[in-house]
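Fold and geometry: a report
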Amino acid sequence: MTSEPRAAAQTAEVLISIVLPVYQVEDYLRPCLDAIAGQSFSAFEVVAVDDCSPDGCGAILDEYARNDPRIRVVHLERNVGLGEARNAGFERTRGEYVWFLDSDDWIADEALAAIAGRLASSRPDVLFVDYARVLPSGRVESNPRRHLLSEPPPPDVLDLRSRPSVLQLMMTAWNKVIRRDFLADLGLRFGRGLYEDLPVTYPILMAAQRIALLDQVCYFYRERREGAITATVSDRHFDVFGQYEKIFGFLDDRGAAVEEFRAQMFDRAIWHYTTIIEDPGRVPAARRREFFGRMAEHFARFRPPGYSYPPGARGTKFRLVERDAFRLFSTLLPANRIRLTSRQTVARAVGAGRKTGRRARTAPSLLYYHMHKRLPIDDGLAVYAAYWYRGYACNPRAIYEAARELAPEVHGVWVVRKDAVDSLPAGVDHVVAGSLRSLRVLARAKYLVNNVNFPHSVSKRRESVHVQTLHGTPLKAMGLDQQRYPVGAQDMNFARLREHSARWDFTISANPLSSEVWQRVYPGQYELLETGYPRNDRFFRAGPEEIAGIRAGLGIAPGQTAVLYAPTHREYAAGPEPLLDPSRLAAALGPEYVLLLRAHYYDVDGTGAAAEQGGNGKARVVDVSAYPVVEDLCLAADVLVTDYSSIMFDYANLDRPIVVYAPDWETYRRTRGVTFDLMEQPPGAVATTEDQLIEVFRSGEADAGASAKARAEFRRRFCVFDDGHAAERVVRRVFLGETL
């Protein structure tokens with residue numbers, strides 16, 4: 001098979017070659033390189049492959065290479081993908097062993113020393129190392145299969161025949177250190193496209209005469225990379241078939257030496273295919289039938305002689321694959337999910353009391369919903385929602401109103417919480433969230449329009465159209481970017497986020513920054529509509545009489561200057577502690593001003609009452625946190641004071657003064673993360689203390705030349721899509737099928 005490996009000498013100039021493909025990981029690359037460069041063991045090299053990365057990765061690599069001769073950089077002329085980048089790096093390695101890392105992960109302190117010691121004592125063809133998972137929340141968890149490295153206690157070296165359980169370990173390149181000559185002699189190469197590890201990781205285990213297991217965490221794996229690749233709806237998931245074809249080709253080429261592993265590899269392949277197609281966030285709905293057909297083709301083509309089905313549910317699935325019974329396979333999936341959910345719910349209810357009992361009672365509603373999903377879709381029905389069913393608001397409201405005029409044949413129904421029903425305007429059809437009618441309309445509607453995600457149980461039908469409007473320009477880190485900021489992420493489920501964004505058909509962008517960020521942090525095959533925000537249309541249409549009416553209703557006297565103070569929510573704070581004393585600011589401004597206080601909806605106490613300070617009709621301070629329409633407040637305000645709220649991007653369309661009050665900028669950007677430096681590119685004057693804020697108004701700086709110039713530049717960057725016709729454009733594209 002292969003020659004006996006030469007001894008791994010501690011004095012070798014390069015014992016371990018680290019191959020590091022790099023593409024669009026600018027935010028992760030420095031920690032990765034620092035972890036490598038900081039190792040006490042020094043007999044290593046890094047072959048970093050810049051896979052034509054469009055961000056600053058190439059420059060970062062060159063910087064590190066200038067300062068560390070152990071790092072060599074290969075700049076590819078075109079993007080070739082992860083597998084080919086690994087191949088390019090491997091061809092340039094000089095070490096006795098090679099370790100393929102991912103550049104958005106990092107290695108543990110003293111990992112190389114531990115690995116070098118084990119290589120010297122065992123001289124393996126393949127060394128497995130343990131790893132830890134870094135969850136989106138920032139929490140670190142153990143490898144769920146780490147027991148396979150230590151139980152039963154392994155010998156110093158082994159092979160796949162004596163320990164077949166190693167096939168259950170994660171089949172990635174980064175948890176294996178491979179003898180370079182062994183890999184080169186096998187002639188294996190990483191594949192093109194997705195699942196590129198497979199043509200290397202399985203064959204090396206079948207061919208290896210010496211496998212060693214190191215029960216020590218040497219690698220920290222971020223969920224983001226695997227999720228970003230495999231949990232995205234894409235035709236590229238068809239790549240998996242070609243990767244397994246290479247594995248079966250390896251079995252054919254090696255003949256009797258590896259034939260005993262054929263049945264195991266066949267089981268792994270069919271299991272892998274079913275795992276992919278069972279995940280609604282991978283194969284596009286329109287191609288799922290074709291994918292299943294390829295599964296059946298592989299079953300017939302690669303089934304080993306004398307093959308026996310695995311027991312239980314897996315065996316049932318395999319039989320359906322063999323029969324190419326896609327319809328039955330698909331029909332059983334929801335029922336199986338419900339069965340498993342009900343079983344788990346009942347089990348939890350035994351010891352979990354009332355909370356789990358409530359979950360168990362949701363099973364009939366889930367069945368009712370799925371029953372109605374089997375009925376024909378209603379092409380004339382659209383369901384709208386906003387802010388987790390809080391009411392009638394934001395972009396969905398503007399689209400709903402435009403659709404009533406431009407597409408009257410589509411009937412709109414709003415889903416709202418019970419406590420929001422009274423806030424709906426007359427004539428707006430609605431259902432209460434959780435009611436049977438809400439389940440019916442959600443199951444049968446052609447169009448689903450929301451500014452946040454619907455509950456996970458509201459799964460998208462193939463024929464339905466899901467419009468995700470979102471609800472703000474992303475100054476703060478959003479979506480997958482929040483993985484780097486666990487304080488701001490607040491235990492967000494990023495795997496679920498990826499699955500939800502894979503359901504979207506359309507997403508709306510307010511400006512070029514939003515376009516760039518949304519496509520990065522919400523992976524999916526949706527169409528990005530650069531229409532501007534529908535909710536901002538009002539700013540272009542409201543006339544003086546309407547604005548005067550709003551101001552009068554808010555108690556703003558004629559001649560008073562209205563200042564709207566609208567701060568954002570702070571995840572790092574224990575509670576909504578104010579960073580500004582409104583009474584002090586109002587007293588400093590004087591009676592010619594009125595201060596409107598608008599707390600973030602996460603920080604509203606829920607009373608619904610507007611608190612006032614001052615004389616009737618001439619209040620200097622008015623709490624408008626419970627006011628239902630924020631666009632009214634913007635129209636009423638002469639000046640906006642905010643910190644990091646996305647309201648500044650909307651308000652900028654009015655071309656009125658904006659003052660940034662940022663007393664905790666460094667804390668906020670460190671804990672929540674931001675997309676650009678607001679202090680360097682503000683929409684107007686900036687204050688970091690109350691005294692500075694008061695002086696901004698007293699001095700006239702709020703609308704002075706420098707502030708007006710900053711606002712003009714801000715508008716140039718962030719207000720280029722809005723013109724008063726955003727909702728119309730969305731309706732014409734989504735409901736009427738017109739090309740924008």
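Residues numbered from 1 in each chain as written. Predicted model: local features only at pLDDT ≥ 70, side-chain atom pairs only at ≥ 80, totals over all residues. Heavy atoms only, no water.

Re the overall build of the protein
Within the protein, the regular secondary structure consists of 27 helices and 23 strands. The burial tally for the protein puts 54% of its 740 residues in the buried class. Sequence separation of 24 or more characterises 75% of the internal contacts of the protein that already satisfy a separation of 6 or more. When the accessible surface of the protein is summed, it comes to about 31,300 Å², and 50% of that surface belongs to carbon and sulfur atoms. (Helix = DSSP H or I, 4+ residues; strand = E, 2+ residues; numbered from the N terminus. Buried < 20%, exposed > 50% of the residue type's maximum accessible area, 1.4 Å probe, protein only. Contact = heavy atoms within 4.5 Å. Areas by Shrake-Rupley, 256 points an atom, 1.4 Å probe, with all protein chains shown as cover.)

Regarding helix α14 (residues 394-406)
Compared with the 18 Å implied by 1.5 Å per residue over 13 residues, the 19 Å span of α14 between its first and last C-alpha is a close match. If you check which residues of α14 are buried, you get C394, N395, P396, A398, I399, Y400, A402 and A403. Taken together, the buried residues of α14 touch β10 (378-385), β11 (411-416), β13 (445-450), β15 (506-508) and α27 (726-734). (Expected span 1.5 Å × (residues − 1).)

What to know about unusual backbone geometry
For the peptide bond that leads from E151 to P152, omega is -10°, which places it in the cis range. For P152, the location among the structural elements is in the loop between β7 (140-142) and β8 (176-179). The backbone of Y195 sits at a positive phi, close to 60°, despite the residue not being glycine. With respect to the element layout, Y195 can be found in the loop between α5 (180-186) and α6 (198-207). When its relative accessible area of 9% is taken as the criterion, Y195 is described as buried.

Observations concerning the confidence of the model for the protein
Residues at a pLDDT of 70 or more form 89% of the protein, whose mean pLDDT is 88. Segment residues 337-360 is flagged for pLDDT under 50; beyond a separation of four residues in sequence, or across chains, it makes 12 contacts in the model. Counted against residues more than four places away or in other chains, residues 605-619, with its pLDDT under 50, gives 23 contacts. (pLDDT = per-residue confidence, 0-100.)

Examining the sheet that holds strand β16 (residues 527-529)
Pairing is parallel across the open sheet formed by 7 strands, whose spatial order is β12-β11-β10-β13-β14-β15-β16. Two strands bound the open sheet, and with one partner strand each, they are β12 (430-432) and β16. Neighbour to neighbour, the strand axes of the sheet diverge by 20° on average, direction disregarded. Bridging between β10 and β13 involves 5 bridges; their strand directions are parallel. Bridge pairing in β13 places D378 opposite A445. (Pairing = 2+ DSSP bridges. Axes fitted to C-alpha atoms, helices over the stretch in contact; angles between N-to-C directions.)

Observations regarding the nonpolar core
Grouped together as the largest cluster of nonpolar side chains are 83 residues, with contacts concentrated most on Y384, W518, L564, V734 and F735. Considering every element that reaches this core, the biggest residue donor is α14, with 6 residues. Look past the residues within four positions of L564 in its chain and what remains in contact with it is L596, R598, V624, L633, C634, A637, V639, L640, V641 and I647. Core analysis: the second largest hydrophobic core is formed by 63 residues, V98, V126, M206 and M265 among them. (Core = buried A, V, L, I, M, F, W, Y, C linked by side-chain atoms within 4.5 Å.)

Thoughts on a nonpolar patch on the surface
On the surface, a cluster of nonpolar side chains totalling about 210 Å² of accessible area is made up of V487, Y572 and L579. With respect to the helices and strands, V487 occurs in helix α16 (residues 486-489). (Patch = residues over 30% accessible without salt bridge, like charges linked within 9 Å, V, L, I, M, F, W, Y side chains within 5 Å. Salt bridge = Lys/Arg side-chain N within 4 Å of Asp/Glu carboxyl O.)

Overview of the pattern of salt bridges
A complete count under the given rule lists 52 salt bridges for this structure. Residue E297 is joined to R294 by a salt bridge in which the shortest nitrogen-to-oxygen separation is 3.9 Å. Note that E297 and R294 are positioned in helix α10 (residues 288-302) at a spacing of 3 residues, about one turn of the helix. In this structure, R733 and E527 form a salt bridge, with 2.9 Å as the shortest nitrogen-oxygen distance. On the criterion of sequence distance, the pair formed by R733 in helix α27 and E527 in strand β16 is long-range, its members being 206 residues apart. Accessibility expressed as a relative area gives 31% for E527, which makes it partly exposed. Among the ionic contacts, a cluster of salt bridges with common partners joins E84, E91, R189 and R192.

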